[in-house]
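Given next are the chains, with one letter for each unit.
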Protein chains: 2
Amino acid sequence: MFRTHTCGELRLSDINKATTLSGWVQTIRKFGSITFVDLRDRYGITQLLFSESLNENLEANPLGREFVLQVHGTVNERSNKNNNIPTGEIEILVNEFSILNKSITPPFTIQDDTDGGDDLRMKYRFLDLRRQAVRKNLELRYAVGRSTRNYLHEQSFMDIETPFLIKSTPEGARDFVVPSRMNPGQFYALPQSPQTFKQLLMVSGYDRYYQIVKCFRDEDLRADRQPEFTQIDCEMAFVEQEDILNMFENLIKRIFKDVKNIDYTDKVERMTWENAMWTYGNDKPDIRFDMRLCNLKFPSHTFPGREDISSLISGVDFKVFDEAETVIAIAASNCSEYTRKQTDELTEWVKRPQIGMKGLVYVKCNADGTYKSSVDKFYNEEKLKAIAAAVNAKSGDMIFILAGAEERTRKATSELRLYLGQQLGLRRSDEFKLLWVLDFPLFEYAEDDNRWVARHHPFTSPKPSDIATMINNNPVIENAAEYLKHPYANIKANAYDMVLNGNEIGGGSIRIFQKELQQKMFAALGMDEHEQQHKFGFLLGAFEYGAPPHGGIAFGFDRLCSILGGSESIRDFIAFPKNNSGRDVMIDAPSTIDDKQFDELQIKLDLKA
Amino acid sequence: MFRTHTCGELRLSDINKATTLSGWVQTIRKFGSITFVDLRDRYGITQLLFSESLNENLEANPLGREFVLQVHGTVNERSNKNNNIPTGEIEILVNEFSILNKSITPPFTIQDDTDGGDDLRMKYRFLDLRRQAVRKNLELRYAVGRSTRNYLHEQSFMDIETPFLIKSTPEGARDFVVPSRMNPGQFYALPQSPQTFKQLLMVSGYDRYYQIVKCFRDEDLRADRQPEFTQIDCEMAFVEQEDILNMFENLIKRIFKDVKNIDYTDKVERMTWENAMWTYGNDKPDIRFDMRLCNLKFPSHTFPGREDISSLISGVDFKVFDEAETVIAIAASNCSEYTRKQTDELTEWVKRPQIGMKGLVYVKCNADGTYKSSVDKFYNEEKLKAIAAAVNAKSGDMIFILAGAEERTRKATSELRLYLGQQLGLRRSDEFKLLWVLDFPLFEYAEDDNRWVARHHPFTSPKPSDIATMINNNPVIENAAEYLKHPYANIKANAYDMVLNGNEIGGGSIRIFQKELQQKMFAALGMDEHEQQHKFGFLLGAFEYGAPPHGGIAFGFDRLCSILGGSESIRDFIAFPKNNSGRDVMIDAPSTIDDKQFDELQIKLDLKA
């Protein structure tokens, strides 16, 4: 037997017990004739005491960091207690030890605060994973998965595995494909999600399905994307949107409770997509703090029916605002005392290429009720006061105003809001705020092809009230410049995103379950009947045999874990992540394959020069 | 809300309750002016009663099989109760109904006893999955997974996801590969198992790992193989073989209890590989019944040290036995009265090409103590009596004897034993017998290449007592004809298989954890240093930094479920299986891909004529 206890287990109550421990040498400290060793395993650290009698043996068999060590000994009360660790009151008086395996010097220290850079840590991920900080992340990930499974089980969901070798039907993202040796010239695709399979399961009557499942997308990797990622994938039959929202906000609340011991008793807020864009400039707003956008000027085709307050800023011949498509203001609480240096820095920040604005207008709402702005020569005190009222700024606040093209300006204001929120300490990583964003547009306009694409995916149902609009109109866009006037531009989807602290953690929709409407949807996306049959014939076929109303949701498991762990990086929550080129630098994959493999698969390379 | 109750929920105690149900129309029966409909969902079947008042509505909206129906009504006590189903005492008096979706006539009936052949059922798998028989299988599968997770969680195992896009290192089976667009000319491989990753996790200190995970092998598919299959994959550090056997026989016992409500209190039997081959002719014996093999004649190089009893059959000039390499007998209890027709049938059975024997010798041990055999002209009563004693046959038994080349004869006797066991009702699908088979050979001889291959895999440790033999001998086989005399032929592995009712349900080993021994193993398999580094450099590297002793096991999840479900076919326990050509005939995959995909991946077809 290699051990009787783990390195995190022994306490004062175990004094005088004989014990055998196995683990890794964390540190070695020699004091005169005795040696202290901290022995580490997954469960903790226990101090070992090698007395003088073992010195000869230690000299013959010297220990080193990360050696794998087995010791037999007795539990002893420590004279010098360490209250920072649960085992800190005891130590093991070693009788006998054996080195189970040696270690050469690791390329970085196995500590929370390691000296290893990212590249080194990824190359030696097996050592990086030994660090407590990384282990805590994987433990949290396991706890989130376990909590999810328990909750869904209690709610009568069944985990049903769907296939990984499926059919390539590139719609949104690019598929990874797998050549079939047994069917030369043909390929499987790896699933971007089990979407159509879970819908088939609904047709089959498995009315509550889930899976925690790997998905694959061959996209150019941004900082925090992985070619393979994990989803909590769920689907329900005989439900309306309201049923799904209730079921899954309770899932997340349960995870909060099980994993973080947080009682999330607040009602989960809900917001339409249009309100989110209007109020936060963003479809995944961070509602841990207020600082709402005030649309001083906006294109009415994007936000029809909103009150036009542009008279507040017009008529003073301020060309920047007059010529801008959009002008948006936010008020930062208690920032009126910002120095010139601070406002200059913010101006530089919005002018960075990632933000891309030309400048930043500010209005100080002084504590004494006066106003001071960077545009005083255009706006008098009265005008500034009116603007401040519109922005809901109090005395002591600072208003920031951005102006420019619609999309860029809205995005920039949203980014500025998050940046200020961060600076002002309004985005605490231990505070969690959930939000449902609802009523997304069903379609997005694809400028390149002058056609509609599905905003969520082609299986998302329009709002019942919009079905007639969809069926009774030709999807073709006659006049590209006026696509916003096409009836399809205003069709809303029965789709919903769950947002946590400004991150989309999950999204889903009520699905189309009628063959005719699904065909209309495919057609709206530019798929002719032949293509519909080739790609999705099985689904259209299934819809002929009694498909029930259904809908579902998928959560990004990696992302959810990273937010719960208070980190920005999903990589820290994946045991063996890939880098930005899709490489696993530890195992050195992808790599070349043998001629025999090419031969069997009946493919060859066709490399561009 | 689509329903207030499921179709399996309502009971006599719910009488007079208002209820809303949704489900599928199973049957429609008209009796005069009233109509009965059985409504089905995943949870059960509830009878609906449409009274005369709804006739007009029913005529305007006729129902059909597999229509999706929603009804509002009141729970009523049935006059004509059905005790076969839990809802059989009630029916719903329908007030109002709506057809949620229609169905065309299904290509086969949605009943346990369907009229759909295999091909049709697979093409319309979404309908096949509606059948109760299939649903029960998937529910059992879910229950097995859930039980596994609960047990392993209680034992401090952590579910840790390992990557799917890894490196091609074809050793045993063929890899599926995935061209990398971002790394042109390079390929990922899909994992045949997470073997090296779980070992790295041991190096990283995650001493109890598990995963229920998809694995992939591009092999020609036999009847019951799938290109993608699921494993319960486990690994532990700081363990010896005994620890693993105890941990995982208790897992299976727990599954028996949770899923089948079986208290498996018997001690799990253990048998060496050699004893299994000697006693049952097979390394996965079905020990639900005895009928042991008696090796009347055998090659001593395969079973050194066993008692030679060939004098029992020699010296009578019976050429069939004299010229055979191997002669093996089994005794079938209480079969001495078998008719000529029956023994002829068995003779034909062993002569089938799948078994490949030339004939079958029988010896009747009559109830009166006399003997009658098909070889009476060679063996007198006394000789037959001695043979019967060796075979442990009692009066009333029938002895069957096969003779021929070693491997074929042993296999044929083993098959005959199973066939007789089946015929005699000794293999009951509701009886479960576990067995550990231990001490497998480490190597197998590969005749084609005249070299050693790993019987389990290249990471399996030899028995400690055999390590010296492995290190101190050159693996090269100088004389192919005498490979059995090479010291490597007798090296035993620290490997174990778990056998359930004659099926291997799991297998594993204690792993090599020392770099030098791992290198020696790779070299023994004919891998030079360059190839070792290219394929497994990361593992050899990891072993330099303090790898702990470790070992593990993997269970075939599909197979385990099928045996627990009393079925021979794993396909029945997979939601969306593939056929023998690796095709999913429902979605029609694999399929062709677009030119754009070839172009982006920088590969092209190279089809043989």
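Predicted, not measured: the structure shown is a model, and the values here were computed from it.

Reading the values: the criteria
- Residues numbered from 1 in each chain as written.
- Chains lettered and ligands numbered in written order.
- Predicted model: local features only at pLDDT ≥ 70, side-chain atom pairs only at ≥ 80, totals over all residues.
- Heavy atoms only, no water.
- Contact = heavy atoms within 4.5 Å.
- Buried area = accessible area lost by both parts, 1.4 Å probe.
- Salt bridge = Lys/Arg side-chain N within 4 Å of Asp/Glu carboxyl O.
- Polar contact = N/O pair within 3.5 Å; in protein donor to acceptor, adjacent residues only side chain to side chain.
- Nonpolar A, V, L, I, M, F, W, Y, C, P; charged D, E, K, R; others polar.
- Pairing = 2+ DSSP bridges.
- Helix = DSSP H or I, 4+ residues; strand = E, 2+ residues; numbered from the N terminus.
- Domains from an automatic or database assignment.
- Axes fitted to C-alpha atoms, helices over the stretch in contact; angles between N-to-C directions.
- Expected span 1.5 Å × (residues − 1).
- Phe/Tyr/Trp six-rings, centres within 6.5 Å; stacked < 30°, edge-to-face > 60°.
- Buried < 20%, exposed > 50% of the residue type's maximum accessible area, 1.4 Å probe, protein only.
- Lys NZ or Arg CZ within 6 Å of the ring centre and 35° of its normal.

### Regarding the interface of chain B and chain A
Counting residues at the interface gives 129 residues for chain B, matched by 129 residues for chain A. Where chain B abuts chain A, roughly 11,700 Å² becomes buried across the two surfaces, and 59% of that area is made up of carbon and sulfur atoms. The three residues of chain B that bury the most area against chain A are B:Tyr142, B:Phe238 and B:Tyr545, which together make up 7% of that side's buried surface. Inspection of the region where chain B meets chain A yields 14 salt bridges. Between B:Arg174 and A:Glu600 there is a salt bridge; the shortest N-O distance is 2.8 Å. Joining chain B to chain A, the criterion identifies 74 residue pairs in polar contact (both at pLDDT 80 or more). Of the residues in the side of chain B that touches chain A, the class split is 67 nonpolar, 27 polar and 35 charged. Bridge count between strand E23 (residues 603–605) of chain A and strand E23 (residues 603–605) of chain B: three bridges; the pairing is antiparallel.

### What to know about the domain arrangement of chain A
Residues and elements named next belong to chain A. Domain assignment breaks chain A into domain 1 (12–101), domain 2 (115–264 + 434–439 + 493–513 + 548–609), domain 3 (289–427) and domain 4 (441–492 + 514–547). The gap between the C-alpha centroids of domain 2 and domain 4 is 26 Å. With 24 residues of domain 2 in contact, the opposing surface of domain 4 contributes 28 residues. Of the roughly 2,200 Å² buried where domain 2 meets domain 4, counting both sides, 63% is carbon and sulfur surface. At the boundary of domain 2 and domain 4, one finds one salt bridge. Among the ionic pairs, Asp-439 bridges to Lys-463, the shortest N-O distance being 2.7 Å. Viewed at the interface, domain 4 and domain 2 are joined by nine residue pairs in polar contact (both at pLDDT 80 or more). Put simply, the parts of the chain that give the side of domain 2 that touches domain 4 at least two residues each are helix H5 (195–203) and strand E21 (503–510).

### Remarks on the sheet that holds strand E5 (residues 90–101) of chain A
Sheet architecture is closed into a barrel: five strands sit in the order E1-E2-E3-E5-E4 (chain A), paired in mixed fashion. Here the strands of the sheet are splayed against their neighbours by 55 degrees on average, with no regard to which way each runs.

### Examining helix H4 (residues 132–154) of chain B
Working note: α-helix, 3.6 residues per turn, so residues spaced by three or four point in the same direction. With 23 residues, H4(B) extends 33 Å between its outermost C-alpha atoms, agreeing within 8% with the 33 Å of an ideal straight helix rising 1.5 Å per residue. Immediately downstream of H4(B), the backbone of B:Ser156 shows phi near 70 degrees, a positive value.

### Some remarks on the sheet that holds strand E9 (residues 208–216) of chain B
All names here are of chain B. Strand order in the open sheet formed by eight strands is E6-E9-E10-E22-E21-E20-E17-E11, and the pairing between neighbours is mixed. Lying at the two open borders of the sheet, with one neighbouring strand each, are strand E6 (158–159) and strand E11 (269–272). In the sheet, strand E20 (residues 495–500) pairs with strand E21 (residues 503–510) via six bridges, with the strands oriented antiparallel. Across the sheet, the residue bridging to Met-498 is Gly-506, located in E21. Each of E9, strand E10 (228–237), E11, strand E17 (434–438), E20, E21 and strand E22 (550–556) is contacted by helix H6 (residues 241–260), which is oriented at about 20 degrees to E20, the strand it contacts most.

### Considerations on the packing of aromatic side chains
Given two aromatic rings, their pairing is described by the distance between the two centres and the angle made by the two planes. Residue and element names in this part refer to chain A. Tallied over the entire structure, the rule returns 67 aromatic pairs over all chains. The interplanar angle of 70 degrees and the centroid separation of 5.9 Å between the aromatic rings of Phe-157 and Phe-248 together place this pair among those described as edge-to-face. Here the residue Phe-157 occupies a position in the loop between helix H4 (132–154) and strand E6 (158–159), and Phe-248 occupies one in helix H6 (residues 241–260), the gap between them amounting to 91 residues. Comparing Phe-157 with Phe-248, the two get one shared label, buried. The side chain of Lys-123 reaches across the aromatic face of Tyr-124, ending 5.5 Å from its centre. Sitting over the ring of Phe-289, Arg-417 keeps its end group 4.0 Å from the ring centre.

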